[in-house]
Amino acid sequence: MLEFVEAQPNQNLLLRDILIESKGYWGYSAEQLDIWRSNLKFESEYISNNTVKLITRDSKVIGFYALTRGDVDQLDHFWLLPQAIGLGNGNITFVQILKECSSIGISEFFIVSDPDAVGFYLKKGAIIVGEVYSAAQKRMLPKLKYLVG
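Now for a quick tour of the structure. (Residues numbered from 1 in each chain as written. Predicted model: local features only at pLDDT ≥ 70, side-chain atom pairs only at ≥ 80, totals over all residues. Heavy atoms only, no water.)

1. As for the side chain of S113
Now for step 1: Positionally, S113 belongs in the loop between strand 5 (108–112) and helix 5 (118–124).
Now for step 2: Beyond its immediate chain neighbours, meaning those up to four positions away, S113 contacts V118, Y121, L141, P142 and L144. (Helix = DSSP H or I, 4+ residues; strand = E, 2+ residues; numbered from the N terminus. Contact = heavy atoms within 4.5 Å.)

2. So, the pattern of salt bridges
Now for step 1: Following the criterion strictly, the structure yields 7 salt bridges and no others.
Now for step 2: For E100, the salt bridge goes to K53, with nearest N and O atoms at 2.9 Å. Taken together, the positions of E100 in helix 4 (residues 89–104) and K53 in strand 2 (residues 51–57) put the pair 47 residues apart, joining distant regions of the chain. In this structure, E100 and K53 share a single accessibility class: buried.
Now for step 3: Linking D73 and R69 is a salt bridge whose minimum nitrogen-to-oxygen distance equals 3.0 Å.
Now for step 4: Judged by relative accessible area, which is 14%, D73 ranks as buried.
Now for step 5: By relative accessible area, which is 46% here, R69 ends up partly exposed.
Now for step 6: Each of E6, K53 and E100 takes part in salt bridges that share partners, so that together they form one network. (Salt bridge = Lys/Arg side-chain N within 4 Å of Asp/Glu carboxyl O. Buried < 20%, exposed > 50% of the residue type's maximum accessible area, 1.4 Å probe, protein only.)

3. As for the packing of helix 1 (residues 12–25) against helix 2 (residues 30–39)
Now for step 1: Look at helix 1 against helix 2: their axes get within 10 Å of each other, and the N-to-C directions meet at 165°. Comparing the axis directions of helix 1 and helix 2 gives the class roughly antiparallel. Like other packed secondary-structure pairs, helix 1 and helix 2 cross with a definite hand, here right-handed. Judged by residue contacts, R16, D17, I20, K23 and G24 of helix 1 engage L33, W36 and R37 from helix 2. (Axes fitted to C-alpha atoms, helices over the stretch in contact; angles between N-to-C directions. Parallel < 35°, antiparallel > 145°, perpendicular 65-115°, else oblique. Left-handed = near helix turned anticlockwise from the far one by under 90°.)

Okay, structure coming up:
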């Protein structure tokens with residue numbers, strides 16, 4: 001059974017490492033992953049000021065997600081460790097994300113998706129609404145919109 005636990009501001013390195021390890025699953029080079037690892041930072045304020053939840057199974061962290069509020073609400077992060085991918089954890093977590101959105105008053109959100117995850121979000125009902133340039137990846141990334149409920 002999955003559980004969703006508030007991330008703590010001092011868990012910024014854990015979040016970064018989950019993200020990097022998850023990206024590694026999708027075939028990015030070790031060199032690229034090392035560059036991202038050295039440049040990516042989750043500030044304590046980011047964790048404190050947004051909905052950031054660790055995804056756990058049997059008390060072990062297997063991923064995390066982050067919802068950000070603002071002029072535009074966004075599913076800013078959703079990452080699973082490689083050993084947790086393909087086992088239904090993404091589907092269960094997405095249901096939890098939608099429950100979280102409903103409880104905090106988010107009726108729609110945007111996702112700037114890694115290209116490898118677009119199919120997942122489209123199957124969930126998101127629609128592609130454009131593209132956003134990623135300086136870190138030096139390419140355009142798909143931007144999707146999801147209507148909650």
